[in-house]
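Spelled out, the chains give:
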Amino acid sequence: MPDPSATGADTVQPLGMPAKDFTSHQLREARAQAVSLASKNERLVAALGTARERITELGQQLDAVTRPPVTLGLLTGLPSTRDPGDSGQAGDGTSQEREVAVSLSGRQMLLHVHPGVDDADLQVGRLVAVNDQMLVVATLPEPQTGEAVTLEETLDDARVLVTTGGGSTRILTLSSSLRRVAETGEGLKPGDTLAADLRADIATALIERTSVEQLVVAETPDVSWADIGGLGPQIEQIRDALELPFTHPDLFQAYGLRAPKGLLLYGPPGCGKTLIAKAVATSLAGSGSGSVTRSRSAAFLNIKGPELLSKFVGETERQIRAIFDQARKAAAEDRPVVIFFDEMEALFRTRGTGVSSDVETMIVPQVLAEIDGVESLRNVVIIGASNREDMIDPAILRSGRLDLKIRINRPDASGAEEILARHLTADLPLAPAELAAHGGDRGATAAFLRRVVVEALYVRNETTAVLEITEARAAANATVRRTLHLADLVSGAMLAAIVSRAKTASIKDELAGGEGGLSADRLRSAVETEARQNEEITGATTPEGWARLIGARTSEIRSVRRLGKEESA
């Protein structure tokens with residue numbers, strides 16, 4: 001029989017065994033199925049994880065919407081039976097019951113503390129969360145808001161005496177954070193502003209306030225009496241009242257006289273009230289005892305009246321206290337201090353007038369207390385300026401407070417020429433034609449130009465008539481009409497503006513190739529332009545505004561008609 005291997009035939013497969021090709025195919029299919037199942041298993045695990053997270057999220061949301069609300073209260077004290085430094089555990093390992101004093105909507109309550117709240121977080125002045133079971137379950141930081149109160153005195157480590165915005169005095173407990181502040185080098189100082197919960201009698205935070213230096217302009221003026229013209233009698237009266245006590249204190253003491261605390265300058269606007277206040281500061285800085293003159297820088301506190309008014313209760317009073325505190329500090333350095341209140345009627349209006357929601361009922365007593373406290377200080381003078389002195393509270397104007405009252409009137413012709421002498425001097429560029437007309441004498445030319453301005457302003461004819469005023473005269477039980485001319489509205493500010501306009505016109509002429517220089521024609525043109533555009537003439541629209549401009553009382557004015565114009569007020 002022939003050998004199969006010798007013939008090259010395939011090896012015969014044993015009976016009962018699958019072919020090799022079939023086994024390999026099944027193995028491949030099994031592996032493919034295993035990979036597919038593994039992929040499906042991974043996707044299923046991911047889906048289960050996402051579902052678990054979603055279920056957890058929904059559970060949290062359900063807990064949130066079903067969770068009972070908590071009430072916020074202020075922690076006011078730790079009972080003395082429990083040392084705040086305890087760990088909260090008894091010696092035998094059992095939990096102690098802890099209680100704290102909490103103010104809830106103004107009600108003082110003694111509440112238990114949840115075991116999960118750490119003792120270190122329980123500090124006086126902190127907010128605490130109280131659940132519906134009246135259990136303290138969490139703590140929050142101290143509130144930074146509340147009513148602003150002013151620290152007057154520190155009584156001990158935990159209590160302070162404060163003044164509220166309404167002027168009442170309260171004793172408050174310091175929060176734990178404020179006690180730590182009080183223990184530092186800076187500490188708490190009288191005059192500091194604290195945020196407080198007055199229902200809980202707790203001061204919770206120290207508030208950094210705007211510096212009073214932003215409310216006043218503390219400057220060293222360089223205005224002398226020689227810079228002011230047309231007010232000779234008024235200046236002499238002021239110097240007698242304010243300078244003599246500084247230059248001759250022994251004589252004043254021998255006669256039993258004291259230096260006045262202050263003075264009121266009243267009259268129409270633009271007539272030199274602010275200049276006088278600055279000259280007072282400069283004069284006091286150079287004054288001294290006897291023949292010895294001291295060179296000291298003067299502090300001139302120019303109060304920005306409108307910015308001092310605040311809609312917040314107690315804020316204006318705080319700022320007034322801060323202003324006088326700043327004056328006291330400067331006076332303690334042996335410096336003359338002038339506190340200048342411009343537009344005084346805006347701040348210290350007569351009480352009970354019903355204006356500005358009667359805010360003057362709180363501001364006026366505060367400034368009266370400060371003025372009365374100035375008597376113990378040296379070198380402090382209070383000067384008030386007003387266009388409507390009849391609206392200032394009489395208590396401020398009585399003797400012993402603003403002792404001296406001086407009316408600053410509009411300048412007459414000679415006074416106007418004195419004022420112009422400060423602005424139109426011989427060393428300015430003068431027109432060649434004007435110099436030639438006066439033989440090259442610069443002094444005579446400047447004097448002539450000043451007279452030109454005065455004549456143009458003070459002539460009384462139809463062209464210079466400005467206003468027709470109808471006034472009620474109670475004595476005669478009748479009305480009186482009078483005409484105001486441009487001369488009746490002249491002020492130092494207007495004279496300075498006229499010269500400035502003429503100077504500008506001269507500069508423009510030089511730039512255009514002309515000869516330039518101040519001339520009579522340019523000054524007359526400046527007078528005409530200023531008379532037409534002056535804000536004092538065109539600005540008033542109410543009886544109060546006209547009274548401020550004219551210097552009359554509002555009750556006397558019935559009507560005002562601008563001459564040459566159809567409108568009336």
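Quantities reported herein were computed from a predicted structural model and do not represent experimental measurements. (Residues numbered from 1 in each chain as written. Predicted model: local features only at pLDDT ≥ 70, side-chain atom pairs only at ≥ 80, totals over all residues. Heavy atoms only, no water.)

Undergrad: Account for the overall build of the chain, naming residues and giving values.
TA: The number of helices and strands found in the chain is 19 helices and 19 strands. At a minimum sequence separation of 6, the contacts of the chain that also span at least 24 residues come to 65%. By element, 52% of the accessible surface of the chain is carried by carbon and sulfur atoms, the whole surface being about 31,000 Å². (Helix = DSSP H or I, 4+ residues; strand = E, 2+ residues; numbered from the N terminus. Contact = heavy atoms within 4.5 Å. Areas by Shrake-Rupley, 256 points an atom, 1.4 Å probe, with all protein chains shown as cover.)

Undergrad: I'd like to hear about a nonpolar patch on the surface, residue by residue, with values.
TA: Nonpolar side chains collect at one region of the surface, where L251, Y255 and L257 lie side by side and expose about 390 Å² of accessible area between them. Within the fold, L257 resides in the loop between α6 (249-254) and β12 (262-266). (Patch = residues over 30% accessible without salt bridge, like charges linked within 9 Å, V, L, I, M, F, W, Y side chains within 5 Å. Salt bridge = Lys/Arg side-chain N within 4 Å of Asp/Glu carboxyl O.)

Undergrad: How would you summarise the packing of helix α16 (residues 492-511) against helix α17 (residues 520-533) if you had to cite specific residues and measurements?
TA: Taken N-terminus to C-terminus, the directions of α16 and α17 make an angle of 125°; their axes are 8 Å apart at the nearest point. On the basis of the axis angle, α16 is oblique to α17. Relative to α17, α16 is oriented so that their crossing is right-handed. Contacts between α16 and α17 involve M494, A497, I498, R501, A502, A505, S506 and D509 from the former and R522, L523, A526, V527, T529, E530 and Q533 from the latter. Classifying every residue of the contact of α16 with α17 by side-chain character gives 8 nonpolar, 3 polar and 4 charged. (Axes fitted to C-alpha atoms, helices over the stretch in contact; angles between N-to-C directions. Parallel < 35°, antiparallel > 145°, perpendicular 65-115°, else oblique. Left-handed = near helix turned anticlockwise from the far one by under 90°. Nonpolar A, V, L, I, M, F, W, Y, C, P; charged D, E, K, R; others polar.)

Undergrad: Pulling in residues and values, what's your account of the side chain of S386?
TA: Of note, S386 is situated in strand β15 (residues 380-386). Excluding residues within four positions of it along the chain, S386 makes contact with L264, L265, Y266, G267, K273, M344, E345 and I392.

Undergrad: How would you explain helix α13 (residues 413-423) if you had to name every residue and give the values?
TA: Considered for burial, the residues of α13 that qualify are G415, A416, I419 and L420. Projected down its long axis, α13 shows its buried positions confined to an angular sector of 140°, all on one face. Where α13 is buried, its residues meet α15 (442-458) and α16. (Buried < 20%, exposed > 50% of the residue type's maximum accessible area, 1.4 Å probe, protein only. Arc of directions from axis to C-beta.)

Undergrad: Which residues make up the sheet that holds strand β8 (residues 169-174), and what values go with them?
TA: If you walk around this closed barrel you meet the 5 strands as β6-β7-β8-β10-β9, and the pairing is mixed. Shown here is a sheet whose adjacent strand axes are inclined to one another by a mean of 55°, direction ignored. As paired strands, strand β7 (residues 159-163) and β8 are joined by 5 bridges and run antiparallel to one another. Paired with V162 across the two strands is R170, which belongs to β8. (Pairing = 2+ DSSP bridges.)

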